[in-house]
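Observations on the three-dimensional arrangement
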Amino acid sequence: MTNLSVFISVPLVAAFFIPVVSRKVKWFPDVCGILTTFLLLLLSLQTMNQETVYSMGNWPAPYGIVLVLDGFSCLLLIVINLIGFISTLFSFEYIERFYTSKLRYYSLFLLMLAGMNGVVLTGDLFNLYVFLEIASIASYALVGFGCYSRELEASFKYLVMSTIASSFILLGVALIYGRFASLNIAHIALLIKQYGMNETMVFSFVLLLVGFGVKAAIVPFHAWLPDAHPSAPAPISAMLSGVVIKALGIYVIVRLVYNLFGMTPLISNLLIYSGVISMMIGVLMALGQWDFKRLLACHSISQMGYIVLGFGLGTPLGILGGAFHLFNHSLFKSLLFLNSGSVEYETETRNLEKLGCLSQKMPVTSATSLIASLSISGIPPFNGFWSKLIIIIAAVQAGKPVFALWAVIGSILTLASFSKIQRYAFFGHGRHFDESTHKNIKEVPGLMKMSMIILAILCTITGLLLINGTNGIFSPVVNDLTQGPVPYIEKILGYEFTNISGLFGN
Amino acid sequence: MIYPLCFLLFLIGLYGATCKKNIVKIILGLLIMEYSVNLFLILLGWKKNGIAPIIDQSTSHEVFIAQSVDPLPQALVLTSIVIGLGVLSLMVAISIRLYQRYGTFDITEMNKLKH
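So, here is what we can say about the structure in this document. What you are looking at is a predicted structure, and each value in this text was computed from that prediction instead of being measured.

Calculation rules
Positions within a chain are numbered from 1, following the residues in the order the chain's sequence is written. Going through the entries in the order they are written, you letter the chains from A and number the ligands from 1. pLDDT decides what is reported in this predicted model: residues at 70 or higher carry local features, side-chain atom pairs at 80 or more are listed and counted, and totals for whole chains, interfaces and linings draw on all residues regardless. The basis for every side-chain value is the complete set of heavy atoms in the structure, and neither hydrogens nor water enter the calculation. The way it works is that DSSP assigns letters per residue, a run of H or I at least four long becomes a helix, a run of E at least two long becomes a strand, and they are numbered from the N terminus. The globule rule used here is 2.2 Å times the number of residues to the 0.38 power, and the radius of gyration it is set against is calculated over C-alpha atoms. Partly exposed describes any residue whose relative accessible area lies between the buried limit of under 20% and the exposed limit of over 50%, with all areas from a 1.4 Å probe on protein chains only and scaled to the type maximum. Any two residues whose heavy atoms approach within 4.5 Å at even a single point are treated as in contact. The definition of a nonpolar core used throughout is a set of buried Ala, Val, Leu, Ile, Met, Phe, Trp, Tyr and Cys residues joined through side-chain atoms within 4.5 Å. By the criterion applied in these results, polar contacts are pairs of N or O atoms within 3.5 Å in which, for protein atoms, one can donate a hydrogen and the other can accept it, and in which residues neighboring in sequence qualify only through two side-chain atoms. Any residue that is not Ala, Val, Leu, Ile, Met, Phe, Trp, Tyr, Cys, Pro, Asp, Glu, Lys or Arg is counted as polar, Gly included; the first ten are nonpolar and the last four charged. The patches described consist of residues with a relative accessible area above 30% and no salt bridge, like charges being joined within 9 Å and nonpolar side chains (Val, Leu, Ile, Met, Phe, Trp, Tyr) within 5 Å. All accessible-area figures derive from a Shrake-Rupley calculation using a 1.4 Å probe, and residue coverage is judged against the displayed protein chains alone. By definition, a salt bridge exists where a carboxyl oxygen of Asp or Glu is found within 4 Å of a side-chain nitrogen of Lys or Arg. For the purpose of counting charges, residues Lys and Arg are taken to be positive, whereas Asp and Glu are taken to be negative. His and the chain ends are not included. By convention, charge coordinates are those of NZ in Lys, CZ in Arg, CG in Asp, or CD in Glu. With a 1 Å grid laid over protein atoms only, a set of points is called a cavity when a 1.4 Å probe fits there but cannot get out and a pocket when it is open yet has protein on both sides within 12 Å along at least five of seven lines; lining residues have an atom within 4 Å of a point. Grid points are joined across faces, edges and corners, and a volume is the space filled by probe spheres set on the points.

**As for the overall build of chain B**
For chain B, the count of helices and strands is four helices and zero strands. Along chain B, from the amino end to the carboxyl end, the secondary structure elements read α-α-α-α. Against the 2.2 N^0.38 benchmark of 13 Å for 115 residues, chain B shows a C-alpha radius of gyration of 20 Å, more extended than a compact globule. Seen along its three principal axes, the alpha-carbon backbone of chain B occupies a region of about 70 × 30 × 20 Å. Taking all 115 residues of chain B together, 35% fall into the buried category. Excluding contacts between residues fewer than 6 apart, the proportion of contacts in chain B whose partners are at least 24 apart in sequence is 52%.

So, in structure tokens, the structure goes:
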């Protein structure tokens, strides 16, 4: 049994010690950052197939704060810490080249990691808000880390939209507390089962959905994402697009919908429609972009649409597809952002029109970005194909073939925009390509190469996770979510408590 | 009556944050929003003629249950004020840097991201 609080305390402690120690010891931030994230990765892999409830300060469930580990939080925990580890590997050389203050970078990075681990583990609504804010504040600062005018502008835009969202979330939590005088998610779910929803609860649900919708960049609330994600340093873009929007947005929405309020056809339709609209608008925005990272950021909106569509269908197959696509998207989108970081590292530009012929000069970057592009466009045998296939089959099975058709069209448009990247940056060249500026380009240094290769290998082989017997990660997710709130309530509050409250009659 | 007023304050803050062009006014709008939510939380625990939620020998259990205010929202509001302070200081820091770069507080003139 792993003690769940280590996922929050270890990065917090490390984030505190990095600025304190590294004034004297120059090598400390890198080593401490990499070791901490590696330790977290090992710990998170250990949690597979475990179900634990940890009461903070030994206060029992509805009164104290609990940390809950179930299948879905385990999946998110692995994704967060895996991408976190690979991003720190990449940062080692990248940050030295472009930015000055390593200790602040690693400190904020670990704070963000602590916040996200807290969000996916906590079983308490207000505690969730606190961890959400820790992760968000760290990410505002990291988006504006370069302190140039564009970065500050993007950071401020992100900050304003996200703070409004946070206020909505806090108001929603306050309304729930006012109705039920409880903050424990399982306890609230139990009380909702007993007393039903009223207008206040519907209002608070809408507030929470809007708030977390902004954090997840689902379509009417996506305006900040194409500015904020490209402005951050490349490893942070990988974290933001690969993990943050999922852990702070999709994870909480799914948790609220399935385990707190309960899935209804209305919510299902809402999620499906917003998913499909995000999918199409994201990919159409991406087609017209000439900035490498901005194009990738627009694709994040589109791929989030697939995930929302999968979870919105509500069938076991749809949930499996959504969870699998969440996992896969975090792998290939982080890989693509790391590729864009490598290209920027060597050429100092992200404009596709000025790039060209990198496939001979940077073979590793080119090959890994080809793998990632094929994965995101859904070409077999890479992982993106399998998850998109499952989502499309699930949509057909659920009697919604129109949405399956839209998903196929979105996938084709994705392929089109990624062939643009491959054509202009790696295999051909853009209009303003200048041979003389590209003379001294060589492959990026070792650790950057290694992190990209690890992700590329993962992209190639994770399609195998679907084979029966190896799907220890995804089948608990499907079980947890399809059974609705009752097993979740029982797991946290204990059978005795739920029985006394009269949920199951006599 | 007091809850709708509280919600009105929230909407005023939302208006300020979304419709104003000046960065300082946007920050003020966000603060008003935050404080209206804090006020709402405090009001949830409020009771007329309430006593402090500390039990000792002189207060009987019945009186305590009937009159003591709910202490939890106060703890929540304390946390939320601290978070608000963190966000505020970051906002002000970013807006000072933005003023150094652009020489203005008007967000319509900060449009380098749109090429």
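Anyway, onward from the coordinates.
**With respect to unusual backbone geometry**
For the bond running from proline 380 of chain A to proline 381 of chain A, omega is 5 degrees, close enough to zero to count as cis. With respect to the element layout, proline 381 of chain A can be found in the loop between helix H15 (363-377) and helix H16 (383-397). We note that alanine 181 of chain A has phi near 55 degrees; this positive angle belongs to a residue other than glycine. Not every positive phi belongs to a glycine, and asparagine 49 of chain B is a case in point at roughly 55 degrees. By secondary structure assignment, the location of asparagine 49 of chain B is in the loop between helix H2 (23-44) and helix H3 (61-67). Residue classification places asparagine 49 of chain B among the exposed residues on the basis of a relative accessible area of 64%.

**Overview of the nonpolar core**
Residues and elements named next belong to chain A. Counting residues in each nonpolar core, the largest one holds 201 residues, and the members touching the most others are Phe72, Met116, Phe212, Ile250, Phe261, Phe311 and Phe474. Tallying contributions element by element places helix H10 (residues 234-261) first for this core, with 20 residues. Discounting residues that sit within four places of it in the chain, phenylalanine 261 has contacts with Ile176, Ile192, Met197, Met201, Ser204, Phe205, Leu208 and Leu256. Formed by twelve residues, the second largest nonpolar core is a distinct cluster that contains Ile272, Met279, Ala394 and Phe403.

**Here we look at the side chain of asparagine 184 of chain A**
All names here are of chain A. Tracing the sequence through the fold places asparagine 184 in the loop between helix H6 (149-180) and helix H7 (185-195). You can call asparagine 184 buried: its relative accessible area is 0%. When near neighbours in sequence (up to four residues on either side) are disregarded, asparagine 184 contacts Ala61, Pro62, Gly64, Val66, Gly123, Asp124 and Ile492.

**Digging into the interface of chain B and chain A**
The interface is formed by 36 residues belonging to chain B together with 33 residues belonging to chain A. Connecting chain B to chain A are three residue pairs in polar contact (both at pLDDT 80 or more). If you list the elements that add at least two residues to the side of chain B that touches chain A, you get helix H1 (2-19), H2 and helix H4 (72-102) of chain B. At 15 residues, H4 of chain B tops the list of elements feeding residues into the side of chain B that touches chain A. Its residues assigned to classes, the side of chain B that touches chain A comprises 25 nonpolar, six polar and five charged.

**Things to note about a positive patch on the surface**
All names here are of chain A. Taken together, the side chains of Arg23, Lys24, Lys26 and Arg104 define a basic patch exposed on the protein surface. On the secondary structure map, lysine 24 appears in the loop between helix H1 (6-21) and helix H2 (28-46). Under the relative-accessibility criterion, lysine 24 is labelled exposed at 76%.

**Describing the side chain of threonine 347 of chain A**
All names here are of chain A. Topologically, threonine 347 is positioned in helix H13 (residues 316-347). Reaching out from threonine 347, the side chain makes a polar contact with the backbone oxygen of valine 343 at a distance of 2.7 Å. Those residues in contact with threonine 347, other than ones at most four positions away along the chain, are Leu355, Leu358, His438 and Ile441.

**Considerations on empty space enclosed by the protein**
On inspection of all chains with the given rule, the structure shows four cavities of 30 Å³ or more. If you add up the space inside the largest cavity, you get close to 80 Å³. Lining the largest cavity we find Tyr129, Glu133, Thr163, Ser166, Ser167 and Leu170 of chain A together with Glu34, Val37, Ser80, Ile83, Gly84 and Val87 of chain B. Sorting the residues of the lining of the largest cavity by element identifies helix H5 (125-143) and H6 of chain A together with H2 and H4 of chain B as the ones contributing at least two each. Counted by class, the lining of the largest cavity contains five nonpolar, five polar and two charged residues. Reported here for the second largest cavity is a volume of approximately 50 Å³. For the lining of the second largest cavity, the elements supplying multiple residues, two or more each, are H10 and helix H12 (292-313) of chain A. Its residues placed into classes, the lining of the second largest cavity shows seven nonpolar, no polar and no charged.

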